[in-house]
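What follows is each chain in one-letter form.
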Amino acid sequence: MEAVTRFAPSPTGYIHIGNVRSAIYPYLIARQTGGKFILRIEDTDRERYVEGATELIEDTLKWLGLEWDEGPVVGGDNGPYFQSERLEIYHEWARKLLAAGRAYSDDTPPEKIDEYRKQCSTLKKPFLYRNYRPAELDFEFKEGVPIRFKAEPKEYDWTDAVMGPMHAGPETQDDIILIKKDGYPTYNFAHIVDDALMGVTHVMRGVEYLSSTPNYLALYEAFGLDVPVLVSLPHILAPTGNKKLGKRDGAKSVTEYREDGVLPEAMLNYLACLGWNDGTEQEIYTKEELVGRFSLDRIQTSGARYDETKLYWMNGQWIRRIFDTEGARALYDRSIDFWPDTAGTYPEKYRLQVLSIIYDRLKTLNDLKEMTGYFFADPMIDIDMLKNNKFLKKLSEAELEDLLKKSIFRLSEIDDWNEDNLQEALNGLLVETGKKPAELFSLIRIAVSFAPFSPALNLTLNVLGKEVSLARLNEVARSI
């Protein structure tokens, strides 16, 4: 069938990894079936509302390429798409339950409810408000008074698309709050109403909501609604694997990863495969491939361990893929904000040359700052770096100086400064000096870059150019 799915985040701050995966899976199902993907903003918790968070959600989805068919900005036939603008709808549906005797207004003071909780704690039994339900129920809608669902506990059996057959007894159901004192609905109530009115066919959310499903089933039943496909997504676990991933475990927000130079293709790819696979050894997927291969029955039932190292590895793969399939220009356009400050004074053609020899070493675009600085400014000379290099530390200062002078002479004889002629000259130096490539090439590489690593030496020298390369080698030779 044509699935109608939704992503319904709360605008309470930054977008974390779990939020994004909860958007990816419904998006893939909607696109795979030719259905609709809805963005709905669940902003009924006014105490936790953060200004600008909605725009951050929208921007993140656009960055990832997760276009929504209905929702803020694009509109649709089932709006409003902010829950704070749908209060009359929730009140209308609450009145239906009041009229049917399945909900009641309850002005029991919070202090009294806390007293009930303490009694249950003392007796070491679960707190269920229905056991303390007022003897006389008020079935009228009253401003400023919470409305509770009147539970009729029973056995429930259902099938979760990921977790399989499920069962719950009467002890799992309670008189949950539908409308709060401030007139705003609770999540437990609002999402049932919104999903029904928006025609949502698949409800995907974290596995932590599984224990609340019997209450949701009771509400579906009370309204006479068909139950959508219920999909419980296992937790994304901390790297230790023993708890749910949190910011304390080192995971950054999606915005932080974006600012660090992680590509949207890599983030989408990694999170889609975090707890799902198609049964093959493939790891790199385009969005189109994910749409074609995704299936709910391949979502694993256990939590998936978050591995930032794997994310960065995958990002490096995507950097190379974009360069190799779309060209240097495509990658360069994505990298504009990540170059060293000094790069701005150099022509674009030169930066493209630098990118073409360094791209296959990048894990993130932000690595450009550290890995390319010596292409845009003379590096600070660090003789200790030469002397302590594992290939050079056995050589005396006199030997280092002699090797540099021979290198300068040989390289200065090159008339046509290009990759091939440079490699030929470097090979000739190996014969002339009797040194191993690791020794001679390390010396020249460090002398022109003073960087921990660099691309192939002939490529580096070619991009730097003859004048700059020889000037740096001469300066180091004089400094030894």
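Each remark here, short or long, concerns the structure printed above.
The present account deals with the structure reproduced in this document.

Calculation criteria
Residues numbered from 1 in each chain as written. Predicted model: local features only at pLDDT ≥ 70, side-chain atom pairs only at ≥ 80, totals over all residues. Heavy atoms only, no water. Helix = DSSP H or I, 4+ residues; strand = E, 2+ residues; numbered from the N terminus. Contact = heavy atoms within 4.5 Å. Areas by Shrake-Rupley, 256 points an atom, 1.4 Å probe, with all protein chains shown as cover. Lys, Arg positive; Asp, Glu negative; His and termini not counted. Charge placed at Lys NZ, Arg CZ, Asp CG, Glu CD. Phe/Tyr/Trp six-rings, centres within 6.5 Å; stacked < 30°, edge-to-face > 60°. Buried < 20%, exposed > 50% of the residue type's maximum accessible area, 1.4 Å probe, protein only. Lys NZ or Arg CZ within 6 Å of the ring centre and 35° of its normal. Salt bridge = Lys/Arg side-chain N within 4 Å of Asp/Glu carboxyl O. Axes fitted to C-alpha atoms, helices over the stretch in contact; angles between N-to-C directions. Parallel < 35°, antiparallel > 145°, perpendicular 65-115°, else oblique. Left-handed = near helix turned anticlockwise from the far one by under 90°. Nonpolar A, V, L, I, M, F, W, Y, C, P; charged D, E, K, R; others polar. Core = buried A, V, L, I, M, F, W, Y, C linked by side-chain atoms within 4.5 Å. 1 Å grid on protein atoms, 1.4 Å probe; cavity = no way out; pocket = protein on both sides within 12 Å on 5 of 7 lines; lining within 4 Å. Points joined across faces, edges and corners; volume = space filled by probe spheres on them. Polar contact = N/O pair within 3.5 Å; in protein donor to acceptor, adjacent residues only side chain to side chain. Pairing = 2+ DSSP bridges.

## A look at the overall build of the chain
Line of reasoning, step 1. The number of helices and strands found in the chain is 20 helices and 11 strands.
Line of reasoning, step 2. Seen along its three principal axes, the alpha-carbon backbone of the chain occupies a region of about 100 × 50 × 40 Å.
Line of reasoning, step 3. When contacts within the chain are restricted to residue pairs at least 6 apart in sequence, long-range pairs at least 24 apart make up 74% of them.
Line of reasoning, step 4. When the accessible surface of the chain is totalled, it reaches about 22700 Å², and 48% of it is carbon and sulfur.
Line of reasoning, step 5. Of the side-chain charges in the chain, 59 are positive and 77 negative, and the distance between the mean point of each set is 4 Å.

## As for the packing of aromatic side chains
Line of reasoning, step 1. One pass over the full model with this rule turns up 19 aromatic pairs.
Line of reasoning, step 2. Ring plane angle 75° and centroid distance 6.0 Å describe the contact between Tyr 270 and Tyr 306, whose orientation is recorded as edge-to-face. On the criterion of sequence distance, the pair formed by Tyr 270 in helix H8 (residues 264-272) and Tyr 306 in the loop between strand S11 (304-305) and helix H10 (308-326) is long-range, its members being 36 residues apart. Of the two residues examined, Tyr 270 and Tyr 306, each falls in the buried class.
Line of reasoning, step 3. Each ring, one from Phe 323 and one from Tyr 359, has its centre 3.7 Å from the other, and the planes form 15°; the classification is stacked. Within this pair, whereas Phe 323 is found in helix H10, its partner Tyr 359 is found in the loop between helix H12 (348-358) and helix H13 (367-371), the two being separated by 36 residues in sequence.
Line of reasoning, step 4. When its relative accessible area of 14% is taken as the criterion, Phe 323 is described as buried.
Line of reasoning, step 5. Through successive ring pairs, a cluster of aromatic residues spans Tyr 332, Trp 339, Tyr 346, Tyr 350 and Phe 376.
Line of reasoning, step 6. Positioned above the aromatic ring of Phe 141, the side-chain terminus of Arg 95 is 4.2 Å from the ring centre.

## Describing the pattern of salt bridges
Line of reasoning, step 1. Applying the stated rule across the entire model yields 31 salt bridges.
Line of reasoning, step 2. Between Lys 244 and Glu 208 there is a salt bridge, and its shortest N-O distance comes to 3.6 Å. Highlighted residues: Lys 244 in the loop between strand S10 (236-237) and helix H7 (254-259) and Glu 208 in the loop between strand S8 (202-206) and helix H6 (213-223), separated in sequence by 36 residues.
Line of reasoning, step 3. Looking at Lys 244, the relative accessible area reads 48%, which means it is partly exposed.
Line of reasoning, step 4. Exposure remark for Glu 208: the relative accessible area of 38% places this residue in the partly exposed category.
Line of reasoning, step 5. Taken together, the salt bridges that share partners define one network made up of Arg 6, Arg 40, Glu 42, Arg 86, Asp 194 and Asp 195.

## Details of the packing of helix H17 (residues 419-433) against helix H18 (residues 437-449)
Line of reasoning, step 1. In the contact formed by H17 and H18, the axes pass within 10 Å of each other and the chain directions differ by 125°. It follows that H17 is oblique to H18 by the angle criterion. Regarding H17 and H18, the two cross each other, and that crossing is right-handed. Contact with H17, carried on its side by Gln 423, Leu 426, Asn 427, Leu 429, Leu 430 and Thr 433, involves Pro 437, Leu 440, Phe 441 and Ile 444 of H18 and no other residues of that element.
Line of reasoning, step 2. Looking at the contact of H17 with H18 residue by residue, the class counts come to seven nonpolar, three polar and no charged.

## Some thoughts on helix H5 (residues 187-197)
Line of reasoning, step 1. Inspection of H5 places Phe 189, Ala 190, His 191, Ile 192, Val 193, Asp 194 and Asp 195 among the buried residues, and these make up the whole buried set.
Line of reasoning, step 2. Those residues of H5 hidden inside the fold are in contact with strand S1 (4-7), helix H3 (87-99), strand S7 (177-179), S8 and H6.
Line of reasoning, step 3. At the C-terminal side of H5, Gly 199 shows a positive phi close to 70°.

## Side note on the nonpolar core
Line of reasoning, step 1. One finds Tyr 306 and Leu 411 to be the most contacted residues of the largest nonpolar core, which totals 109 residues.
Line of reasoning, step 2. Considering every element that reaches this core, the biggest residue donor is helix H1 (residues 17-33), with nine residues.
Line of reasoning, step 3. Beyond its immediate sequence surroundings of up to four residues, Leu 411 is in contact with Trp 417, Leu 422, Ala 425, Leu 426, Leu 461, Lys 466, Leu 470 and Leu 473.
Line of reasoning, step 4. Judged by nonpolar contacts, the second largest core, of 35 residues, contains Tyr 156, Met 198, Ala 218 and Leu 219.

## Re the layout of surface pockets
Line of reasoning, step 1. In this structure, the largest pocket occupies an estimated 1200 Å³ of space.
Line of reasoning, step 2. If you go around the largest pocket, you meet 44 residues; those closest to its centre are Ser 10, His 16, Asn 19, Glu 208 and Tyr 209.
Line of reasoning, step 3. Contributing elements (two or more residues each) for the lining of the largest pocket: S1, H1, H5 and S8.
Line of reasoning, step 4. Element by element, the count of residues in the lining of the largest pocket is highest for H1, at five residues.
Line of reasoning, step 5. Per-class residue counts for the lining of the largest pocket are 17 nonpolar, 16 polar and 11 charged.

## Things to note about the side chain of Arg 445
Line of reasoning, step 1. Positionally, Arg 445 belongs in helix H18.
Line of reasoning, step 2. Although Arg 445 lies buried, it forms no salt bridge, and the closest oppositely charged side chain, Glu 370, sits 11 Å away as judged by the N-O distance.
Line of reasoning, step 3. In terms of polar contacts, Arg 445 uses its side chain to reach the backbone carbonyl oxygen of Ala 451, at 2.9 Å.

## Brief notes about the packing of helix H16 (residues 397-412) against H17
Line of reasoning, step 1. Between H16 and H17, the shortest axis-to-axis distance is 10 Å and the interhelical angle comes to 140°. In terms of orientation, H16 and H17 fall into the oblique class. The hand of the H16/H17 crossing is right-handed. Between H16 and H17, the residues in contact are Leu 403, Lys 406, Ser 407, Arg 410 and Leu 411 and Leu 422, Ala 425, Leu 426, Gly 428, Leu 429, Glu 432 and Thr 433, respectively.

## Focus: the side chain of His 202
Line of reasoning, step 1. For His 202, the position within the fold is in strand S8.
Line of reasoning, step 2. For His 202, a relative accessible area of 9% puts it in the buried group.
Line of reasoning, step 3. Looking at His 202, its side chain comes within polar contact range of the side chain of Thr 201, at 2.7 Å.

## Structural notes on the sheet that holds strand S3 (residues 103-105)
Line of reasoning, step 1. Sheet architecture is open: three strands sit in the order S3-S4-S7, paired in antiparallel fashion. The open sheet terminates on both sides in strands that have one partner only, identified here as S3 and S7. Sheet twist, expressed as the average angle between the axes of neighbouring strands with direction ignored, equals 35°.
Line of reasoning, step 2. Sheet topology places strand S4 (residues 147-149) next to S7; two bridges connect them, and they run antiparallel. Paired with Arg 148 across the two strands is Ile 177, which belongs to S7.

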